[in-house]
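Observations on the three-dimensional arrangement
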Amino acid sequence: MEANFQKNTDGLIPAIIQDNGSKTVLMLGYMNEEAYNKTLETKKVTFFSRSKNRLWTKGEESGNFLNLVDIKLDCDNDTFLVQVNPEGKTCHTGSYNCWQESKNQNLNFLLKLEETIRERKETANSSTSYVASLFQKGINKIAQKVGEEAIEVVIEAKDNNDILFVSESADLLFHYLILLQAKGFKLQDVVNVLESRNK
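Residues numbered from 1 in each chain as written. Predicted model: local features only at pLDDT ≥ 70, side-chain atom pairs only at ≥ 80, totals over all residues. Heavy atoms only, no water.

1. Brief notes about the packing of helix H3 (residues 130-137) against helix H5 (residues 162-182)
How we decide: To obtain an axis, a line is fitted to C-alpha atoms, over the contacting stretch when the element is a helix, and the angle between two such axes runs from 0 to 180 degrees between their N-to-C directions. Strands here mean DSSP runs of E at least two residues long; helices mean DSSP runs of H or I at least four residues long; both are numbered from the N terminus. Here is the rule for angles: anything less than 35 degrees is roughly parallel, anything more than 145 is roughly antiparallel, 65 through 115 is roughly perpendicular, and the remaining ranges are oblique. When the near helix sits turned anticlockwise from the far one by under a right angle, the crossing is termed left-handed; a clockwise turn instead gives a right-handed crossing. We call two residues contacting when some pair of their heavy atoms lies within 4.5 Å. Just so you know the grouping, Ala, Val, Leu, Ile, Met, Phe, Trp, Tyr, Cys and Pro go in nonpolar, Asp, Glu, Lys and Arg go in charged, and all remaining residues, Gly too, go in polar.
As a packed pair, H3 and H5 sit with axes 11 Å apart at the nearest point and diverge in direction by 45°. Here H5 runs oblique to H3, going by the angle between their axes. Note that H3 runs across H5; the crossing there is right-handed. Taking contact as the criterion, the partners of Tyr130, Val131, Leu134 and Phe135 in H3 are, on H5, Phe174, His175, Ile178, Gln181 and Ala182. A breakdown of the residues in the contact of H3 with H5 according to their chemical character gives seven nonpolar, two polar and no charged.

2. Re the UniProt feature "domain: Phosphoribosyl-AMP cyclohydrolase" (unreviewed entry) in the protein
As a reminder of what qualifies: UniProt positions are given in the numbering used here, feature names are shortened, and annotations may be inferred rather than shown by experiment.
Taken from the UniProt record, the annotation "domain: Phosphoribosyl-AMP cyclohydrolase" (unreviewed entry) applies to residues 27-100. Helix makes up 14% of residues 27-100 and strand 38%, whereas the separation of the span's terminal C-alpha atoms amounts to 10 Å.

3. Here's the deal with the packing of helix H2 (residues 109-123) against H5
One can describe the packing of H2 onto H5 by two numbers: an axis separation of 10 Å at closest approach and a directional angle of 55°. Put simply, H2 runs oblique to H5. Handedness of the H2/H5 crossing: right-handed. Two secondary-structure elements touch here, H2 through Leu110, Leu113, Glu114, Ile117, Arg118 and Lys121 and H5 through Leu173, Phe174, Leu177, Ile178 and Gln181. The residue makeup of the contact of H2 with H5, split by class, is seven nonpolar, one polar and three charged.

4. Thoughts on the pairing of strand S3 (residues 46-49)
Regular strands place their side chains on alternate faces of the sheet. What counts is decided by this rule: Burial status follows relative accessibility: with a 1.4 Å probe on protein chains alone, a residue under 20% of its type maximum counts as buried, one over 50% as exposed, and anything between as partly exposed. Strands were regarded as paired on the criterion that DSSP finds at least two bridges between them.
Along S3, one buried face is formed by Thr46 and Phe48 and the opposite face, lined by Phe47 and Ser49, is buried too. Bridge analysis of S3 against strand S4 (residues 54-57) gives four bridges, and the strand direction is antiparallel. Pairing of serine 49 across the sheet is with arginine 54, part of S4. Count of turn residues in the S3/S4 antiparallel hairpin: four residues, of which asparagine 53 carries a positive phi of about 55°.

5. What about the state of the cysteines?
To keep it simple, the criterion reads: In what follows, a disulfide is any cysteine sulfur pair within 2.5 Å.
The tally for this structure, following the rule as stated, stands at zero disulfides. Here cysteine 91 is not disulfide-linked; the sulfur of cysteine 98 is the nearest cysteine sulfur, at 4.0 Å. Judged by its relative accessible area of 7%, cysteine 91 is buried.

6. Some points on the environment of valine 146
Assignment of secondary structure puts valine 146 in helix H4 (residues 139-157). A sequence separation of 20 residues divides valine 146 from valine 166, and the C-alpha atoms of the two residues are 16 Å apart. Among residues more than four places away in sequence, those in contact with valine 146 are Leu172, His175, Tyr176 and Leu179.

7. Brief notes about the packing of aromatic side chains
Put simply, the rule is: When the centres of two rings from Phe, Tyr and Trp lie within 6.5 Å, Trp using its six-membered ring, the rings pair. Their planes under 30 degrees apart give stacked, over 60 give edge-to-face, and anything left gives tilted. Charge-over-ring placement is defined geometrically: NZ (Lys) or CZ (Arg) within 6 Å of the ring centre, and within 35 degrees of the ring normal.
Tallied over the entire structure, the rule returns four aromatic pairs. When the ring of tyrosine 36 is compared with that of phenylalanine 80, the centres are 5.1 Å apart and the planes differ by 5°; the resulting orientation is stacked. Residue tyrosine 36 is located in helix H1 (residues 33-42), and its partner phenylalanine 80 is located in strand S6 (residues 80-86); the two are separated by 44 residues in the primary sequence. Judged by relative accessible area, which is 22%, tyrosine 36 ranks as partly exposed. Classification of phenylalanine 80 by relative accessible area gives buried; the value is 1%. Taken together, the aromatic side chains of Phe5, Tyr36 and Phe80 make up a single cluster linked through ring pairs. Seen from the ring of phenylalanine 65, lysine 44 lies directly overhead, with NZ or CZ sitting 4.8 Å from the centre.

Structure representation (structure tokens):
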């Protein structure tokens, strides 16, 4: 199916932006054919701004890019569903989305933690942030910490102290998220592999 940019006289198609991880709707924008093609080319979501009368890549000023995962057309070929991995907050007000909602803290805590790790990696002082200090020490130290935590999980798994086992499991997962960031990946990349194996 091809997008019908000529259905409306202005040549614009509504684009519903959805967080690929949480499945929450983040915002609504509009794409003309040029914005659509640029989005596919750069993998950064680009709109046609009606107020600025030009192409506008979300995050070009704020750094809060919408990294493209997939674009789907609806049954009438005149509305996009754009699935993204957002960097930072989507709304210009500083909110997670344009309806002033926050991520579901229960179901999406790992996504929030992952975002905090990214922020500490990029902005925190290594003298005051454990995460920043790990990134400063490099990939070998981070990988070593994951190995140490994995061994502690195995040790506790063979014992009968459930509290210690769960605590060490949390430490392992936390350091694994740091390792993913150090390698340039997100938890969603791992989920994608698992989903591909479940076919």
